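For reference, the chains in residue letters:
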Amino acid sequence: MENANMVNNRERLPSDLQQIVTVAKYDVLKHLRSRRLLGLIVLEALLLGLTFGLPIALGAEAADDPADYMSAFVGWVDILIIIGATMFAGDAIVSEFQSRTGYLLFPNPVKRSTIFIGKYLSTLGILVLMLLVYYGIAALLTLVMTGGGTVLALYSMLFACAYGAAAAALGFLISTIFKGSTGSLVLTFFTLLMILPLITQLLPIGEIKPWFMLTFCGSVISYIMIEPYPVDSMESIPLGNGEFMDYWSYYPEVGVSLIVLAVYVVVCLALGMYLFKRREMVS
Amino acid sequence: MDAPIQVHGLTKVYGGGFRAVDALELNVPKRSFMGFLGPNGAGKTTSIKIITNMLTATAGEAYINGVSVMQDPKTALADVGAVVETPEFYPYLTPMETLHYLGALRGMSVCETTNRGRDLLEMVKLTEWRDQRVGKFSKGMKQRLAIAQALLPQPSVIILDEPTSGLDPRGMVEVRDILKQLRKMEVTVLMSSHLLNEVQEVCSDVSLINRGKLLRSGSVEDLLDEVKARKIEVRTMRPLTPDMFDRLRSVPGVKGFGVTGELSFAIDFEGEEDAQARLLIELQNLGLLVVSFKESGLALESLYMSLIMESR
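For the structure given in this document, a descriptive report is provided here. (Residues numbered from 1 in each chain as written. Chains lettered and ligands numbered in written order. Predicted model: local features only at pLDDT ≥ 70, side-chain atom pairs only at ≥ 80, totals over all residues. Heavy atoms only, no water.)

### Some details on the overall build of chain A
Move 1: Counting its secondary structure elements, chain A contains 13 helices and two strands.
Move 2: Principal axes of the C-alpha set define a box for chain A whose edges measure 90 × 50 × 30 Å.
Move 3: Across the 283 residues in chain A, those meeting the buried criterion constitute 47%.
Move 4: Expressed as a percentage of contacts within chain A between residues at least 6 apart in sequence, the contacts between residues at least 24 apart total 78%.
Move 5: For chain A, the accessible surface area stands at approximately 13,500 Å², while carbon and sulfur atoms represent 69% of it.
Move 6: For chain A, the separation between the mean place of its 16 positive charges and that of its 20 negative charges on side chains is 24 Å. (Helix = DSSP H or I, 4+ residues; strand = E, 2+ residues; numbered from the N terminus. Buried < 20%, exposed > 50% of the residue type's maximum accessible area, 1.4 Å probe, protein only. Contact = heavy atoms within 4.5 Å. Areas by Shrake-Rupley, 256 points an atom, 1.4 Å probe, with all protein chains shown as cover. Lys, Arg positive; Asp, Glu negative; His and termini not counted. Charge placed at Lys NZ, Arg CZ, Asp CG, Glu CD.)

And the structure:
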């Protein structure tokens, strides 16, 4: 009887892919029942409401062109992604250790890589859902106000999903390194909001195009709404005494940025998974 | 490889050179209930964490049902149910949802998990809480749920790490009752504990460990035979008075005694069951009106303490 049950337990063990789906499913449930998602939904509603209602309330004239009108909404997307990535990825791994739920999960017959990928997919799913809702409502409001739509919004949304994937991957990497949730969340947030953008702003002073910076690539979300797509330009700033300083305004190329984001996803996830596998559950 | 759990040369060295586990050798016989006994810091939990793939060994091997935990942890743990330290549960899930999550990871069908989960929650007395989110549970309730999730897939190997730790007396009694039910099942259990009376009460085999090393291993019966002296705790309705001391000392097998309370005392005794029966008769003849007469775990404590002292 015992041997038959042992064979049964081994034989019916699901594949890694099936377990990934299980982990992702229950992690999505966690997000759906969490106050964090509620907070993000409230923030989305607030941003949509203010972007739509404030100009009307102030008597400002709305743009006629759907792309121009939609751009106002798109301008908030990167902050939404930063907040979303922080909240859903920032402590995804460290929480299993800090809250001791790892003692429940890790002794089960499931690989660490399976848990990692499942959690990442759930985070990605929530971020994509969040973006779909935001862009959907923004498109609807654009239709109401301008009578039309723009395919550029679709490109922007797709790029936002790619940026979200990369930001979430970075969040997962940070989450595997830190010992506490608070530190992990704070570092994820400030890395995306301040540190990377600061470096992105400083590099052009040295005439270096920051094509490899995550947040520089993320700015395609907004620029893609502009027709024609902006190109790099140089400006000479007079310093006085007949001296000039050349200042480059760099714009990310869509194709290159997409590849860079993919690299961020692959590298951050690979490194994060490696560190998670080696991380020990100590008291 | 017959023993379901086998550990060979298991070593764990932390940064700074601290050896938590030192070339540990352990075999847990099939269908035994083995107590893994040792003081705090002996290496019990570290060993169990390595066996359940939560820590990486510095050296050595651990096998469960013939499969190396280091090489193929997923297969090795397929037929294992474990409660390690005091696990926390996902607060947003109910007990039934938690069991469904873990059941799905093991390939159990929804129907099977529901039926089995219902039976297990009844066994651990959590039926009325099955649809409440675990975030509201007390420590004792979580510990009982932890045991339920360990039993969910009907594993052939169960690993428990101090399952009564941190529980109030009622909680400890409830968990021990569950452990006694496990003893009747056809499973192999490895249970770590530092509570000697718990081990002596529940376990069939014992492995004593200190400073990461195995000191002694064997059946509880064999180990107790090594310790000839036993301690018998007696409670009476009348006090043991000084005029009775000489008569008590003269009973065959009595090596000494100590008064532990107004109506209780403990006797150091050497002898088989028939000699114990004669001791009980003699106590009654003294007019003490014996309420309780039982062997305490202190016999095992004597062996344990002597081995611990030797190992220092």
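### Quick look at the overall build of chain B
Move 1: A count of helices and strands for chain B gives 11 helices and 14 strands.
Move 2: Overall, the C-alpha framework of chain B stretches about 70 × 45 × 35 Å when taken along its three principal axes.
Move 3: Classification of the 312 residues of chain B by burial places 54% in the buried group.
Move 4: Pairs at least 24 apart in sequence give 67% of the contacts found in chain B among residues at least 6 apart.
Move 5: Here chain B displays about 13,400 Å² of accessible surface, and carbon together with sulfur accounts for 49% of that area.

### Thoughts on the sheet that holds strand 1 (residues 5-13) of chain B
All names here are of chain B.
Move 1: An order of 2-1-4-5 is seen for the four strands of this open sheet, with the pairing classed as antiparallel. The sheet is open, and its two edges are formed by strand 2 (19-28) and strand 5 (67-68), each paired on a single side.
Move 2: With six bridges connecting them, strand 1 and strand 2 associate as antiparallel partners. From the neighbouring strand, Ile5 faces strand 2, where its bridge partner is Val28. (Pairing = 2+ DSSP bridges.)

### So, the nonpolar core
Move 1: Within the largest apolar cluster, 157 residues are counted, with the highest numbers of intra-cluster contacts made by Tyr135(A), Leu214(A), Ile221(A), Ile159(B) and Leu190(B).
Move 2: Core analysis: the second largest hydrophobic core is formed by 16 residues, Ile232(B), Leu240(B), Ile267(B) and Leu283(B) among them. (Core = buried A, V, L, I, M, F, W, Y, C linked by side-chain atoms within 4.5 Å.)

### Details of the interface of chain B and chain A
Move 1: Taken together, the contacts link 47 residues of chain B with 37 residues of chain A.
Move 2: Of the roughly 3,900 Å² buried between chain B and chain A on both sides combined, carbon and sulfur atoms contribute 54%.
Move 3: Sorting the residues of chain B by area buried against chain A places Met54(B), Lys74(B) and Leu105(B) first, and these three jointly supply 20% of that buried surface.
Move 4: Applying the counting criterion to the chain B and chain A interface returns five salt bridges.
Move 5: The residue Lys74(B) makes a salt bridge to Asp16(A) at a minimum N-O spacing of 2.6 Å.
Move 6: For the interface between chain B and chain A, the tally reads 22 residue pairs in polar contact (both at pLDDT 80 or more).
Move 7: At the level of secondary structure, the elements contributing two or more residues to the side of chain B that touches chain A comprise helix 2 (73-76) and helix 3 (95-105) of chain B.
Move 8: Sorting elements by how many residues they give to the side of chain B that touches chain A places helix 3 of chain B first, with seven residues. (Buried area = accessible area lost by both parts, 1.4 Å probe. Salt bridge = Lys/Arg side-chain N within 4 Å of Asp/Glu carboxyl O. Polar contact = N/O pair within 3.5 Å; in protein donor to acceptor, adjacent residues only side chain to side chain.)

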